[in-house]
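Single-letter residue listing:
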Amino acid sequence: MLEIEIDGKQVQVNDGSTVIEAAAVAGAYIPHFCYHKKLSIAANCRMCLVQVEKAPKPLPACATPVTNGMKVWTHSELAVKAQKGVMEFLLINHPLDCPICDQGGECQLQDLAVGYGSSASRYQEEKRVVFNKNLGSLVSTDMTRCINCTRCVRFTAEIAGEMELGQAFRGEHAEIMPFIEKTIDSELSGNIIDLCPVGALTSKPFRFAARTWELSRRKSVSPHDALGANLIVQTKHDVVKRVLPLENEDVNECWLSDKDRFSYEALSAPERLSTPLIRQGGQWKQVDWQAALEFAASGLRGIAQDHGASAIGALASPHATLEELFLLQKLVRGLGSNNVDFRLRQADFRADGKRDGAPWLGMKIAEVKDLTRLLVVGSFLRKDAPLLAQRVRQAAKKGLQVSAIGPNAEDWLLPVRNRALVAPSAMVAMLGQVVVALAQEKGTDVSVSLLGKLPAEVSGEARAIAQSLASGRKVAVWLGSLAAQHARASEIQTLAQEIARLSAGCFGFIGEAANSVGGYLAGAVPGADGLSAAAMIAQPRKAYMVFGAEPELDFANPSATVAALRSAQLVIGFSAFDSASLRDLCDVILPVAPFTETSGTFVNCEGRAQSFVAVSKPLGETRPGWKVLRVLGNLLALEGFGYNDSEAVRSEALPADVGNALGNGVEGVVVSCAAASAGALERVADVPIHFADPIVRRAPSLQKTRDAAAPVARISPATLAALGLSAGDKVRVLQGGGAAVLVAQPDEALAAGCVRVASAHPSTASLGAMSGELSVERA
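Keep in mind it's a predicted model, so treat the numbers as computed, not measured.

**Details of the UniProt feature "domain: 4Fe-4S His(Cys)3-ligated-type" (unreviewed entry) in the protein**
In this numbering, the UniProt entry assigns the feature "domain: 4Fe-4S His(Cys)3-ligated-type" (unreviewed entry) to residues 78–117. Secondary structure content for residues 78–117 is 60% helix and 0% strand, and the end C-alpha separation is 16 Å.

Laid out in structure tokens, this is it:
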């Protein structure tokens, strides 16, 4: 600790601190533009000039390290004169367009000009003009306003991981610009809007929509990925106009992914449901809630009487709230059935009944920075969990060694030290090799349950991964969505758990959705005699309740799901959005509120339960999902549905100590590391970041980004040549009795013998399971 005096006040700060950080500790504000606590120091705006004892001239507070006994004056005559001089320079070329600027009312330049600017400019010459740049569908530019603080440039290079912006030219000709003819395509691009201290970079979807002082602000939680980013949702007249990050160092820091930031547009989409619908005589009719709920209740009652309660099944989205998932499973079990599941994209359920608790990340999100070794198995990390990938990126700069196993090797914008690029069918054998090599490196034995089931030979990739993990001080093994949705997921979990044990590290799941952990805590999984999501599709039920999911896009096997629902006597859809597939398959559709119009809880990947309240009134006749389920339970005369608010539901649904309910341990799964038979092409299915759930699929601006491009058939160059195909050829992909016509595209980041075809998209919905064999032929 060092002693420093700031404006006559003695403070103690850590060695290595800068003057601006010390001033923050002392409670003294130093004006600044280019400085940001999460970015490197540029010291190019010079607004933070301060007077330092014995220094011949004012020094930039952001770049001046503290020394013991230093004396600093932040508002002395010398400091203020320097700051006012800098402000005059900054305003020389700045346009006087504050009345039409979207940054007006929350602009740092406006605020500081009041304190450090003058009432008139001495500059009489013609001001410079900078042409605007096209950065894509999310970020709007007015580059004449730019003060060249370079925050956006440093963010894209340091946090997002790819230098998509740069500064060209010098002096008064300097401009911030993207590379020629390129847009900003990062999944974190919206953060440069928050970082810009002036109106040069603003939100394109929000442009001219409202003034900041007209907006009401409410805290909320992202309903998308498993991180559970904290949000500030801003509304005007009960319409969501903008979403900003709520700073939480333990979760999302001060960042948001574009999916979290811009998906709110879907809340005003034309597809929003506002009244209950019933199909009568082949026609859809709008009805009141009483008629719709009585229709659903009598239908469920009739199915249970005629075919038994086990003929009823419930399929829920993992993006639903904890309260909705809890009441849905309580309703199904109240009817006498255990057929309820929220793991819609999962294929292997052999680990059910053999777990310690709810699968989770196995560590705190904030502890990622302390990791020294990380093994990621079967993950599209950068797109599935952008903010978690960002933390891994920062840790990699400080020495974290990242290894990866899986069929995909797309650029995560961080160094991957060792990678085993293998087809999905070879992942279990590769993990077995890592277990063998790691046991040899550590000089210890493998678990008794794995004796005689591991490979005899170890590949070079497996040996390199094992050596990296064995030398780590703090190790983690993470399973991504591809591993969790794998046809042999339980075996992958067993081997990953063994790798974590041998390396004295932690093991966990990155998670797919906002309530991938909460679904387990809510009990929205089948009991011992219940059917899993896949089993309910393979063994069609007479009645289904589909909550928050779209049959063609949110299931592991869309074509089989559609066939199963079509064969049912009764299908009840709970959805915030209308869709052709729901109208085709359902008998009644109940409009339930999205996250902004209801209260609820999401439990993120680290087991953190985060509750939120509605930020606006429900649209039309839309009602919160938990209320709809409560009333349905009352109509069915089930016990325990007398809740007055969502807090009462949460107190019953959420364990008193969530930590004790978490657990990744799996025992009793039979593992086979036998080599997979070669020859057939294997499907690698990712869920594109902007097609992951019903809300993002309907956000117009997100659907214009590169990440929302229509799927193609991505094939390794060697496999493409072996098939006699060339880049750009139209091919017919055949799987599970379905076919899709796509464009072939070579992908060097894909294992040989694999075809990467995205799921959750209408153009590929006719195909079969997300993992399995397929064939490709020229169209």
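There's plenty left to go through after this.
**So, the UniProt feature "domain: 4Fe-4S Mo/W bis-MGD-type" (unreviewed entry) in the protein**
Under the local residue numbering, the UniProt record ascribes the feature "domain: 4Fe-4S Mo/W bis-MGD-type" (unreviewed entry) to residues 215–271. End C-alpha to end C-alpha, residues 215–271 measures 25 Å, and it is 9% helix and 35% strand.

**What to know about the sheet that holds strand 12 (residues 239–245)**
What the three strands build is an open sheet, ordered 10-11-12; its pairing is antiparallel. Since the sheet does not close on itself, it has two edges, and those belong to strand 10 (216–221) and strand 12, each with one partner. Neighbour-to-neighbour, the strand axes of this sheet turn through a mean angle of 30°, independent of strand direction. In the sheet, strand 11 (residues 230–236) pairs with strand 12 via six bridges, with the strands oriented antiparallel. Following the sheet pairing, Val233 is matched in strand 12 by Val243.

**A closer look at the packing of helix 8 (residues 322–334) against helix 19 (residues 625–635)**
Following both chains from N to C, one finds helix 8 and helix 19 inclined at 20°, their axes separated by 8 Å at the closest point. One way to sum up the angle between helix 8 and helix 19 is to call them roughly parallel. Viewed along their axes, helix 8 and helix 19 form a crossing whose handedness is left-handed. The segment helix 8 lies against helix 19, with Glu323, Glu324, Leu327, Leu328 and Leu331 engaging Gly625, Trp626, Leu629, Arg630, Leu632 and Gly633.

**Points about the environment of Pro424**
Counting through the fold element by element, Pro424 comes out in the loop between strand 19 (416–421) and helix 11 (427–442). Distance from Pro424 to Asn408, taken between C-alpha atoms, is 9.5 Å for residues 16 residues apart in sequence. Pro424 has contacts with Pro407, His486, Glu682, Arg683, Val684 and Cys754, leaving out every residue within four places of it along the chain.

Cut-off values and rules
Residues numbered from 1 in each chain as written. Predicted model: local features only at pLDDT ≥ 70, side-chain atom pairs only at ≥ 80, totals over all residues. Heavy atoms only, no water. UniProt positions renumbered as here; feature names shortened; annotations may be inferred. Helix = DSSP H or I, 4+ residues; strand = E, 2+ residues; numbered from the N terminus. Pairing = 2+ DSSP bridges. Axes fitted to C-alpha atoms, helices over the stretch in contact; angles between N-to-C directions. Parallel < 35°, antiparallel > 145°, perpendicular 65-115°, else oblique. Left-handed = near helix turned anticlockwise from the far one by under 90°. Contact = heavy atoms within 4.5 Å.

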